[in-house]
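# Chain and residue survey
One-letter residues, chain by chain:
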Amino acid sequence: MNHPDVASPSPADGLAVVVVAAGSGTRLGYGLPKALVPLAGEPLLAHALRTVREALPAAAVLVTVPAADTELTALARRMGARAVTGGASRAQSVARALAALPASTEHVLVHDAARCLTPPAVFARVLAALREGARAVVPVTPVTDTIRGADAEGRSTGTVDRSVLRGVQTPQGFDAALLRRVNRAAGLLPHESAGADDAALSASAGDTAATGGTGAAGSSASASGTDPEGITDDASLVEHHAPEHPVRFVDGDEESFKVTRPLDLVLARAVVDSRAGRAE
């Protein structure tokens, strides 16, 4: 489904934000797309977009929505964003948003609508790292639980050293040319426009060209050895298809948790109430 009536913002200073909101939300049990699930009287997407606008008021914002959607599209439009129909997986949804961005986009932040309470400071840290020269940036938090490995039989293989583990959050930030390149390498974007992006990336010392499948967006990911269903964050594409570009960590925030289960909604309501109390 196309959305020709939706405003198409242009990225200021080459910055765009993709908000992934095409998830089904089955585990929340509301019978609604996750981004429409209410939190303190508003859909999760409204909270997420408000934060994006507060943190990055001049950025172009694209929202990936489920096929045949009308409600999220209207909400995105009211909040100054553009709706793009998502794909069958998160990775395919992000690729469709990338394909809709103008070629002049220099930096892209990819954010989960389900992390609707991410503080603006996290966006600022990610963007600052990109402007300092990082090509891929991920906000992280320490892992506090004890983690144990398991073998194929379900038996413990021992305790994992949690000091070397980090919990991954969004927004994840990228050089736009790099993100397009690794999506092409994964078969999620066609290779028709590879020349300009590869030339831009090759300008950096030691850069090498990525290789991968060809064809329409999302049609050849299996041929490239990348399963779209297994791609749960965008930085993993960089690590797999462009390992010469290290992923930089910045501090995340405990309030940037993902709303996935009913208990997460309880916590989210508590955070919203706490913030309202501090604002009074």
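Our structure is the block above this text.
Remember, predicted model here, so these are calculated numbers, not experimental data.

Glancing now at the nonpolar core. Among the nonpolar cores identified, the biggest contains 31 residues, and V108 and V238 are the most heavily contacted of them. For this core, the element with the most residues is helix 3 (residues 90-100), which contributes five residues. Leaving out residues up to four positions away in the same chain, V238 has contacts with A136, F174, L178, V182, P243, H245 and V247. Formed by 30 residues, the second largest nonpolar core is a distinct cluster that contains L56, A81, A83 and A113.

Here we take up the pairing of strand 11 (residues 172-175). Side chains Q172 and F174 of strand 11 all project onto a buried face; the interleaved residues G173 and D175 project onto the opposite face, where all are buried too. Two strands pair when backbone bridges link them, and strand 6 (residues 107-112) and strand 11 are joined in this way by four bridges, in the antiparallel orientation. Among the inter-strand pairings, L109 is bridged to a residue of strand 11, identified as G173. By the bridge criterion, two bridges tie strand 7 (residues 136-142) to strand 11 in an arrangement that is antiparallel. Along strand 11, the bridge assignment pairs V137 with G173.

The next subject is the pattern of salt bridges. The tally for this structure, following the rule as stated, stands at nine salt bridges. A salt bridge links R90 to D234; the nearest nitrogen and oxygen atoms lie 3.0 Å apart. Linking R90 in helix 3 with D234 in the loop between helix 6 (194-202) and helix 7 (235-241), this pair joins segments that are 144 residues apart in sequence. Note on D234: relative accessible area 2%, which makes it buried.

Thresholds applied
- Residues numbered from 1 in each chain as written.
- Predicted model: local features only at pLDDT ≥ 70, side-chain atom pairs only at ≥ 80, totals over all residues.
- Heavy atoms only, no water.
- Core = buried A, V, L, I, M, F, W, Y, C linked by side-chain atoms within 4.5 Å.
- Buried < 20%, exposed > 50% of the residue type's maximum accessible area, 1.4 Å probe, protein only.
- Helix = DSSP H or I, 4+ residues; strand = E, 2+ residues; numbered from the N terminus.
- Contact = heavy atoms within 4.5 Å.
- Pairing = 2+ DSSP bridges.
- Salt bridge = Lys/Arg side-chain N within 4 Å of Asp/Glu carboxyl O.

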